[in-house]
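Listed below, chain by chain, are the residues.
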Amino acid sequence: MSQDEGTAAARWTVKAELCAVGRDKPLLVALAAIFCLYCGVVAGPILYAFLAIRGMAEFFK
């Protein structure tokens, strides 16, 4: 495969992936919502507790 053909194949792959992202918007929104909930409910309190133990939590009040 020549370099031009490889570039064309890569361009087609990127275009195909971008089209797939467009089709999967509801899935991406759901994943973003789950990620935000995880950060707020799980990772946030763990980080705050770690900072409290280290004595740096006062900065965030």
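Just above, that's the structure.
Peer 1: Explain the overall build of the protein chain to me, using residue names and the numbers behind them.
Peer 2: Along the protein chain, the regular secondary structure elements total two helices and zero strands. Element-wise, carbon and sulfur atoms account for 72% of the exposed surface of the protein chain, whose accessible area totals about 5,500 Å².

Peer 1: Explain the state of the cysteines residue by residue, including any values.
Peer 2: Considering all chains together, one arrives at zero disulfides under this definition. Free cysteine Cys-36: the closest other cysteine sulfur is in Cys-39, separated by 6.6 Å.

Peer 1: So what's going on with helix H2 (residues 25-54)? Which residues, and what values?
Peer 2: For H2, with 30 residues, the first-to-last C-alpha span of 40 Å sits near the 44 Å given by 1.5 Å per residue. In the structure, H2 departs most strongly from a straight axis at Ala-43, where the bend amounts to approximately 40° and where the proline Pro-45 lies between one and four residues downstream. At the exit of H2 stands Gly-55, carrying a positive phi of roughly 85°.

Peer 1: Which residues make up a nonpolar patch on the surface, and what are the values?
Peer 2: A cluster of nonpolar residues, Phe-35, Leu-37, Tyr-38, Val-41, Val-42 and Ile-46, forms a patch on the protein surface that exposes about 640 Å² of accessible area. Checked against the element boundaries, Ile-46 lands in helix H2. Residue classification places Ile-46 among the exposed positions, given a relative accessible area of 57%.

What counts, and where the lines are drawn
Residues numbered from 1 in each chain as written. Predicted model: local features only at pLDDT ≥ 70, side-chain atom pairs only at ≥ 80, totals over all residues. Heavy atoms only, no water. Helix = DSSP H or I, 4+ residues; strand = E, 2+ residues; numbered from the N terminus. Areas by Shrake-Rupley, 256 points an atom, 1.4 Å probe, with all protein chains shown as cover. Disulfide = S-S within 2.5 Å. Expected span 1.5 Å × (residues − 1). Bend = angle between axes of the 7 residues up to and from the residue. Patch = residues over 30% accessible without salt bridge, like charges linked within 9 Å, V, L, I, M, F, W, Y side chains within 5 Å. Salt bridge = Lys/Arg side-chain N within 4 Å of Asp/Glu carboxyl O. Buried < 20%, exposed > 50% of the residue type's maximum accessible area, 1.4 Å probe, protein only.

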